[in-house]
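# Remarks on the overall topology
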Amino acid sequence: MEHTKHLWRVLFILLLVAVAVVVGRHFVIPPSFGLQGFYRYDSLAEYAAKPVMHGGSASCAACHQDIAQQREQGKHQTVSCEVCHAPLALHAKEGAKTADMPLNRSVGLCAYCHQALKARPATMPQIDLREHLTKLEVITAKDDIPEGACVTCHDVHNPAMEQESPPEGNVSDANAVPATQ
Amino acid sequence: MQTQSPRPNNPSPEDARADVCRRDFVRQAAAAMSGVAIVVIMGESGAGASEEQAVGAASATRSSAYDPTKHRYIYLIDITKCIGCGACVRACEAENNVPPHYFRTWIERYMVSRTGADLTDSPNGGRDGFEPRVTGEDITKAFFVPKLCNHCSYSPCVQLCPVGASYRSPDGVILVDEKRCIGCGYCVQACPYGSRFLHPETHIASKCTLCYHRITKGLKPACVEACPVEARKFGDAEKVGDEVSELIATKAVGILKPELHTGANCYYVGLSQEVR
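Fair warning: this is a prediction, and the values are worked out from it, not measured in the lab. (Residues numbered from 1 in each chain as written. Chains lettered and ligands numbered in written order. Predicted model: local features only at pLDDT ≥ 70, side-chain atom pairs only at ≥ 80, totals over all residues.)

### A closer look at the overall build of chain B
Within chain B, the regular secondary structure consists of 7 helices and 10 strands. Expressed as a percentage of its 276 residues, the buried residues of chain B come to 37%. Of the contacts made within chain B by residues no fewer than 6 positions apart, 63% connect residues no fewer than 24 positions apart. (Helix = DSSP H or I, 4+ residues; strand = E, 2+ residues; numbered from the N terminus. Buried ≥ 20, exposed ≤ 12 C-beta atoms within 10 Å, placed from the backbone. Contact = placed C-beta atoms within 7 Å.)

Laid out in structure tokens, this is it:
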């Protein structure tokens, strides 16, 4: 048994490796890694903790009940407030107003949904804006489309018109959008 | 002739001492190391137990009694309803702070002509809506296809992530561990749906999270919340009487690239064979 010391040497080296693995593992692998699979389980909680920006229409109705009711009765009832306005988080926090809600009265905002496009389902109410405005004699064929052209006649919260004609008098004064502040 | 051996048979007292010392050293070192190993292993198992408790506490507190193993999220898109307004893309951008010109969800416009010309477009991902387009072709059908991560059951991106940063959560959401991702971009190349990108500032992989911070609180993803025509629907296959599960079970639905067997969990109503 004079050569057993070779065996001991090998065993000693193996033991060293085992210890190095156990100690190294502790520093390299983050806690919660492998609890549910080959990933860090704490990452889920980190995602869940991110801030919510959109509050939904119900959260708007808490303060702006009159406008919410208007919307509920009209054809825009399926359009969430924050689609045309901005996310709740930019306007209010825990029920208190933190900043003015930006208002977009541009033609482009309406055109997102109502510009006539071949790819849109036929059931969607859509118009060729220039044709619509010239037919109603709001503009002539040469004019540029004014920025607030749609909201001049339509109430954005309940947009259906009873009659297809522009209101009497100066159209720019007939801004139907009520102040929401 | 007597030669002076460099190592005499009778070792000098110094040599003998050296031999003993080595043997003793090995013995003592082995004993010491095994002692250390036992201490470390004990410490490991002890620390492991306390970590598990900490994780359990964290998952319990992150959302009141939210258990990810009790949900399996699914998504349904109705192409026949989509008007291509881009509200979903803008909502996603606002909710998730998506950098400009990168998209976690986007809309493609397909225009199919009799000549078979490729007329598909997606200007700025549909974020700014679509303009009317004069093509000079005989368009026989046209439609919008919203796209997002399909949260595949057997997703290629998770399979090849070398560091375990991409994963599928117990509730069926493909996520990227932002602290673990090294930004190698393999997953971006692997995704057959083009749903991932490397974030231009953080340089790590970014993608749709199904608004994980919302759905764990019982809210809908921002894109579903924003859709004015209910073309996007969000459901939970584990919930009894779930509307989306019912629609998938009873209606004609399809998934994108079924030939790749990714187990996509975004279903489409009105899917046409031109959609890629």
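### A look at the overall build of chain A
Per the secondary structure count, chain A includes 8 helices and 2 strands. For chain A, with 181 residues in total, the buried portion stands at 22%.

### Some details on the confidence of the model for chain A
Chain-level statistics for chain A give a pLDDT mean of 87 and a share of 88% at 70 or above. In the model, residues 165–181 of chain A has pLDDT below 50 throughout and makes 24 contacts with residues more than four positions away in sequence or in other chains. (pLDDT = per-residue confidence, 0-100.)

### What to know about the interface of chain B and chain A
With 55 residues of chain B in contact, the opposing surface of chain A contributes 48 residues. Of all the secondary structure elements, the ones that give two or more residues to the side of chain B that touches chain A are helix H1 (13–62), helix H2 (87–96), strand S2 (105–113), strand S3 (139–148), helix H5 (212–215) and helix H6 (222–226) of chain B. Sorting elements by how many residues they give to the side of chain B that touches chain A places H1(B) first, with 14 residues. Residue composition of the side of chain B that touches chain A, by class: 31 nonpolar, 12 polar and 12 charged. (Nonpolar A, V, L, I, M, F, W, Y, C, P; charged D, E, K, R; others polar.)

### Some details on helix H1 (residues 4–28) of chain A
For H1(A), built from 25 residues, the straight-helix expectation of 36 Å at 1.5 Å per residue is met to within 8% by its first-to-last C-alpha distance of 36 Å. Among the 25 residues that make up H1(A), 0 are buried, leaving the element largely open to the surroundings. (Expected span 1.5 Å × (residues − 1).)

### So, the confidence of the model for chain B
Residues and elements named next belong to chain B. Summary statistics for chain B give a mean pLDDT of 86 and a share of 81% for residues scoring 70 or more. Ignoring residues within four places in sequence, the model shows residues 43–63, a span with pLDDT below 50, making 17 contacts including any to other chains. Across the interfaces of the predicted complex, the ipTM metric reaches 0.82, alongside a pTM of 0.80.

### Examining the environment of B:Cys181
All names here are of chain B. Note on placement: Cys181 falls in the loop between strand S5 (174–176) and helix H4 (186–190). Judged by C-beta crowding, with 22 C-beta atoms within 10 Å, Cys181 ranks as buried. With 25 residues separating them along the chain, Cys181 and Ser206 place their C-alpha atoms 9.7 Å apart. Those residues within four positions of Cys181 in sequence are excluded, and the remaining contacts are Ala165, Val176, Ile204 and Ala205.

### Description of the pairing of strand S10 (residues 266–269) of chain B
Residue and element names in this part refer to chain B. In terms of strand pairing, strand S1 (residues 73–78) meets S10 through 4 bridges, oriented parallel. Across the sheet, residue Tyr75 finds its bridge partner in S10, namely Cys266. Sheet topology note: the strand S9 (residues 253–254)/S10 ladder contains 2 bridges and is antiparallel. Within S10, the residue paired with Gly254 across the bridge is Tyr268. (Pairing = 2+ DSSP bridges.)

### What about the sheet that holds strand S8 (residues 232–236) of chain B?
Spatial strand order, S8-S1-S10-S9 (chain B): 4 strands in an open sheet with mixed pairing. If you trace the sheet from one side to the other, it starts and ends with S8 and S9 of chain B, each paired once.

### A look at unusual backbone geometry
Residues and elements named next belong to chain B. Even without a glycine there, the phi angle at His151 is positive, about 45°. Within the secondary structure, His151 is located in the loop between S3 and helix H3 (156–160). Judged by local crowding, His151 falls into the buried class, with 27 C-beta atoms found within 10 Å. Its identity as a non-glycine residue notwithstanding, Lys257 has a phi of 50°, on the positive side. Counting through the fold element by element, Lys257 comes out in the loop between S9 and S10. Among the residues examined, Lys257 registers 14 C-beta atoms within 10 Å and is labelled partly exposed.

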